[in-house]
Amino acid sequence: SLIPLPPLVAAASGSNIAPPPPVVAAAPRPGCPSMCGTVNIPYPFGIGVECAWGSDNFDFAVTCNHSFNPPRLYTLNPPRPDTDDLEPFEVISISLEAGEIRVFSPVSYICYNSSNTTDSTGFKVWSIKTGPFLLSKTRNVFTGIGCSTLALLAGREDLSYYTGCYTSCMSLHAAAQDGEECAGLGCCQMPIPTNLSTIHINLGNDDSYTPTNTAWRYSPCSYAFIAEKGSYNFTRRDLARLANKTFTDRVGNRTIRMVLDWAIRDGGSCQAPTKDAGASAKQTAPACISRNSLCVNATHGSGYLCQCSEGYAGNPYVTDGCTNINECELTKYHCGSNSKCHDTQGDYVCKCKFGYKGDGKSEKGCRRIFPGYATAILVALVSLTILVILPYLLYKEHERRIRRGYFDKNGGKILSGANIVIFSEAKLSQFTNNFSEEIGRGAFGMVFKGINDEHQPVAVKRPIVEGEKPQQGGEFVGEIIFQFDIRHPNIVPLVGCCLETSIPMLVFEFIPNGSLSDMLHGAGKPRSLSLQKRLDIAIGSAEALTYMHSEAGHNNRIHGDVKSGNILLDDDLNPKVSDFGSSKLVSIASRYAKWSVAGDMSYIDPVYINTGSFTEKSDVYSFGVVLLELITRKKAKYDGSNSLPMNFVKTCKKEGNGRKMYDRDIFSGEDAQSQRSIECLDRVGALAVRCLKEDVEERPTMAEVVEELKQVKLIAFGNSGSEAS
Ligand SMILES: Nc1ncnc2c1ncn2[C@@H]1O[C@H](COP(=O)(O)OP(=O)(O)OP(=O)(O)O)[C@@H](O)[C@H]1O
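Residues numbered from 1 in each chain as written. Predicted model: local features only at pLDDT ≥ 70, side-chain atom pairs only at ≥ 80, totals over all residues. Heavy atoms only, no water.

### Focus: the overall build of the protein chain
Right, so step 1: Looking only at helices and strands, the protein chain has 14 helices and 33 strands in total.
Right, so step 2: Residues classed as buried in the protein chain amount to 47% of the 725 residues present.
Right, so step 3: Of all intrachain contacts in the protein chain linking residues separated by at least 6 positions in sequence, the fraction that spans at least 24 positions is 61%.
Right, so step 4: Working note: accessible area of the protein chain is about 36000 Å², and carbon and sulfur atoms make up 53% of it. (Helix = DSSP H or I, 4+ residues; strand = E, 2+ residues; numbered from the N terminus. Buried < 20%, exposed > 50% of the residue type's maximum accessible area, 1.4 Å probe, protein only. Contact = heavy atoms within 4.5 Å. Areas by Shrake-Rupley, 256 points an atom, 1.4 Å probe, with all protein chains shown as cover.)

In structure tokens:
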């Protein structure tokens with residue numbers, strides 16, 4: 001007959017237990033230990049009620065017994081206050097993801113010392129009906145061991161569940177081989193039903209053997225327990241008493257293990273998201289407090305579990321416990337061929353490599369956008385382009401460095417600080433439409449017309465000869481600053497410069513009517529020029545030279561290249577002397593560029609040629625030649641024995657005046673007027689001759705020249721400046 005079940009757990013089987021009050025989510029308290037010995041204690045589990053989930057029950061409270069080394073972790077449930085002989089379970093591990101806890105399993109046993117007398121029994125009974133645990137149906141199996149053994153499992157509070165398995169063996173050798181499955185030969189196994197929270201494990205034998213049953217001789221004990229599937233492997237040794245030790249003596253209570261399912265059972269179930277929470281909203285519950293977590297209803301029993309959302313891992317029961325998983329580092333997730341994994345928050349993407357397209361996450365992966373030959377052509381084209389562009393870029397960089405070098409050597413830093421307008425070479429190229437409109441050339445170089453950013457015309461002087469590079473830019477610096485300072489109505493103003501060439505480019509205001517030389521001797525029909533205009537041009541130019549020679553602190557500033565070609569005329573034929581500074585720059589540059597000395601031989605002071613001394617009086621000499629050009633409209637030719645000054649002086653000596661040489665155009669007016677004009681021209685001629693004197697002391701200063709010319713004008717045209725009648 002079967003051994004009757006002991007009257008256990010009756011007290012716990014009351015059916016009208018009131019549902020527990022809903023609990024409020026409690027976050028894990030700081031300072032609660034997270035480990036006991038080697039076992040991790042993730043929240044909602046915690047040591048003591050104050051560290052565990054739930055306000056007033058022991059569901060997730062565990063204890064750590066420090067009398068062991070290392071300390072051991074135990075559940076508080078069981079024991080329950082109403083069950084005396086139940087021992088707490090020792091916890092091996094806790095899994096949040098699976099909602100499982102692995103504990104050591106108690107082993108029931110009965111040992112015989114004859115066919116019908118027992119010498120020891122230990123039947124295990126426990127109840128976990130009010131806690132969060134249920135025996136896992138899927139992970140455990142009921143196991144019996146013995147050679148004449150009826151292993152019995154009763155369950156449910158009213159003991160309505162009752163099952164068992166039988167195992168027999170006629171000798172130890174008749175039992176199953178070591179490692180064989182438990183199929184009734186020395187060992188038997190039974191699956192476990194769901195919702196088992198009250199467990200009675202019992203053992204009996206078949207009376208029909210008694211008293212002839214001799215199994216107790218070679219297999220004195222029978223055992224029964226619940227074990228995690230696959231954790232118990234049968235061996236014949238387990239049947240025998242070896243060295244007076246039974247199987248239970250040998251394995252103790254820390255070998256066989258079982259798995260319990262847990263869930264939050266006293267807080268209801270998951271709540272569906274509210275309608276306005278959006279399509280991606282998840283089910284919630286009070287315990288699922290981490291962001292990126294969701295609630296899932298328990299698959300075994302009532303209640304729920306929390307999980308981290310897809311793409312996150314960690315503890316969903318604590319604030320910010322769920323953190324992003326880097327899927328790219330996990331083998332579980334992978335990208336198809338020709339794609340590369342990139343982690344994102346809560347997910348990952350598989351980006352196709354360059355030249356590929358498609359769904360990188362699919363098994364097929366990404367495929368080529370272009371077929372192989374097209375890719376080869378593309379690569380070839382790109383390489384070719386790089387091969388072409390690279391030298392170009394290197395060349396450009398080289399040019400940039402050279403420009404920077406010139407800029408520095410030409411004193412760019414000083415000039416930038418001196419408020420001088422500095423243009424880049426590219427800017428001047430833009431002003432002049434890539435230096436396309438040449439308006440003239442001189443000793444300094446070529447002159448190009450351009451339009452600046454303010455739509456004003458400018459003349460850009462670009463050095464023609466790229467000579468040896470000046471070692472010191474300081475000489476240009478002083479000259480450019482000086483030129484920039486000159487402000488006189490009869491001097492062409494410098495508006496800026498460019499320092500990115502070996503010799504700086506100069507930018508002047510554009511003077512639209514060409515030079516006096518062009519006006520007097522230009523090709524085509526000679527343009528009529530009145531005496532008054534000629535005197536105005538002479539006075540204006542002389543004033544410019546006077547200003548440079550003496551006024552405004554420009555003492556001894558010699559032009560060095562005074563000639564009709566350097567007197568430019570504006571729209572109203574007002575004179576603007578040009579090349580003041582450029583003659584100096586030419587001479588600075590000529591030291592490096594092996595140029596001839598600036599200056600036109602037709603205008604050059606013979607004293608300078610003889611003595612090498614160049615003074616303000618040299619400018620006076622050249623201006624004398626310009627005066628002759630103005631009154632005679634003859635070119636200042638010089639061929640060694642014949643020149644305009646020589647011819648004029650000769651004529652004056654011979655005729656007493658130079659009237660034979662005056663420009664007839666001046667007398668195109670009335671006779672009386674012509675007479676006065678002739679006299680005025682005589683005075684201008686006489687002034688010119690004085691300017692040309694060999695003895696420089698006899699030459700007037702430029703200031704005296706201005707005075708004399710003004711006198712002449714007064715005589716000719718009175719105070720009003722208009723021609724007197
Ligand atoms: N600011 C300007 N506005 C208009 N045209 C100008 C200007 N500067 C120069 N030019 C023109 O460019 C020509 C060349 O000028 P540049 O001063 O370089 O040489 P040059 O005076 O003729 O000779 P040199 O350099 O020997 O004195 C001038 O004849 C003039 O026609």
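Let us keep going from here.
### Regarding the pattern of salt bridges
Pairs can form between side chains of opposite charge once their charged atoms are near each other.
Right, so step 1: Under the counting rule described, the total for this entry stands at 29 salt bridges.
Right, so step 2: For Arg 291, the salt bridge is made with Asp 320, and the minimal N-O distance between the two is 2.9 Å. With Arg 291 in the loop between strand S18 (257-262) and strand S19 (293-297) and Asp 320 in the loop between strand S21 (312-314) and strand S22 (322-324), this pair connects stretches of sequence that are 29 residues apart.
Right, so step 3: Residue Arg 633 is joined to Asp 665 by a salt bridge in which the shortest nitrogen-to-oxygen separation is 3.8 Å. Placement of the pair is Arg 633 in the loop between helix H11 (616-632) and helix H12 (644-655) and Asp 665 in the loop between H12 and helix H13 (671-691), with a sequence separation of 32 residues. (Salt bridge = Lys/Arg side-chain N within 4 Å of Asp/Glu carboxyl O.)

### Description of the site of the ligand
Right, so step 1: Neighbouring the ligand are 19 residues, the closest being Ala 443, Lys 461, Ile 511, Asp 561 and Asn 566.
Right, so step 2: In this structure, an oxygen atom belonging to the ligand sits 2.6 Å away from a side-chain N or O atom of Asp 561.
Right, so step 3: Asn 566 places a side-chain nitrogen or oxygen 2.4 Å from an oxygen atom of the ligand.
Right, so step 4: Protein coverage of the free-state accessible area of the ligand, which is 590 Å², stands at 88%.
Right, so step 5: Counting only elements with at least two residues in the shell around the ligand, the list comes to strand S27 (438-441), strand S29 (457-463) and strand S31 (505-509).
Right, so step 6: For the shell around the ligand, the leading source of residues is S27, giving 3 residues.
Right, so step 7: Here the shell around the ligand is built from residues that sort into 10 nonpolar, 3 polar and 6 charged. (Near = heavy atom within 4 Å. Polar contact = N/O pair within 3.5 Å; in protein donor to acceptor, adjacent residues only side chain to side chain. Nonpolar A, V, L, I, M, F, W, Y, C, P; charged D, E, K, R; others polar.)

### Considering the confidence of the model for the protein chain
Low-pLDDT portions of the prediction should not be read for the details of their coordinates.
Right, so step 1: Across the protein chain, pLDDT averages 84, with 86% of residues at or above 70.
Right, so step 2: For the stretch residues 1-25, pLDDT sits under 50, and the model shows 44 contacts to residues farther than four places along the chain or on other chains.
Right, so step 3: Here residues 79-84 scores under 50 on pLDDT; set against residues more than four positions off or in separate chains, the count is 5 contacts. (pLDDT = per-residue confidence, 0-100.)

### Here we look at the pairing of strand S4 (residues 61-65)
Right, so step 1: With 2 bridges connecting them, strand S3 (residues 46-47) and S4 associate as parallel partners. Within S4, the position partnered with Gly 46 by the bridge is Ala 61.
Right, so step 2: As consecutive antiparallel partners, S4 and strand S5 (residues 72-75) are separated by 6 residues. (Pairing = 2+ DSSP bridges.)

### Remarks on the sheet that holds strand S28 (residues 445-451)
Across a sheet, strands are paired by hydrogen bonds formed along the backbone, either parallel or antiparallel in direction.
Right, so step 1: Here 5 strands make up an open sheet; going across it, the order is S27-S28-S29-S31-S30 and the pairing antiparallel. Here the strands that pair on one side only, and so sit at the sheet edges, are S27 and strand S30 (494-498). Across the sheet, the mean angle from the axis of one strand to that of its neighbour is 25 degrees, orientation sign disregarded. (Axes fitted to C-alpha atoms, helices over the stretch in contact; angles between N-to-C directions.)

### Looking at helix H8 (residues 531-549)
Along an α-helix, residues three or four positions apart point the same way, because every turn accommodates 3.6 residues.
Right, so step 1: With 19 residues, H8 extends 26 Å between its outermost C-alpha atoms, agreeing within 8% with the 27 Å of an ideal straight helix rising 1.5 Å per residue.
Right, so step 2: For H8, the buried fraction is high: 15 of the 19 residues fall into the buried class. (Expected span 1.5 Å × (residues − 1).)

### With respect to the packing of H8 against helix H14 (residues 702-717)
Right, so step 1: Two elements in contact, H8 and H14, have axes separated by 8 Å at closest approach and are oriented at 160 degrees. With respect to their mutual orientation, H8 and H14 come out roughly antiparallel. Once H8 is placed against H14, the crossing between them reads as left-handed. Contacts between H8 and H14 involve Leu 531, Gln 532, Leu 535, Asp 536, Ala 538, Ile 539, Ala 542, Glu 543, Leu 545, Thr 546 and His 549 on the former and, on the latter, Met 702, Ala 703, Val 705, Val 706, Leu 709, Lys 710, Val 712, Lys 713 and Phe 717. (Parallel < 35°, antiparallel > 145°, perpendicular 65-115°, else oblique. Left-handed = near helix turned anticlockwise from the far one by under 90°.)

### Some remarks on the pairing of S29
Successive residues of a regular strand alternate their side chains across the two faces of the sheet.
Right, so step 1: The buried count for S29 comes to 5 of 7 residues, which makes it a mostly enclosed element.
Right, so step 2: Across 7 bridges, S28 lies against S29 in antiparallel orientation. Following the sheet pairing, Gly 445 is matched in S29 by Pro 463.
Right, so step 3: Bridge count for S29 against S31 is 4 bridges, and the pairing is antiparallel. Bridge pairing in S31 places Val 458 opposite Glu 509.

### Focus: the environment of Ile 481
Right, so step 1: Its location among the elements puts Ile 481 in helix H6 (residues 474-485).
Right, so step 2: Since its relative accessible area comes to 27%, Ile 481 is described here as partly exposed.
Right, so step 3: Distance in space between the C-alpha atoms of Ile 481 and Asn 419 is 9.1 Å, their sequence separation being 62 residues.
Right, so step 4: In contact with Ile 481, not counting residues within four places along its chain, are Leu 415, Ala 418 and Ile 420.

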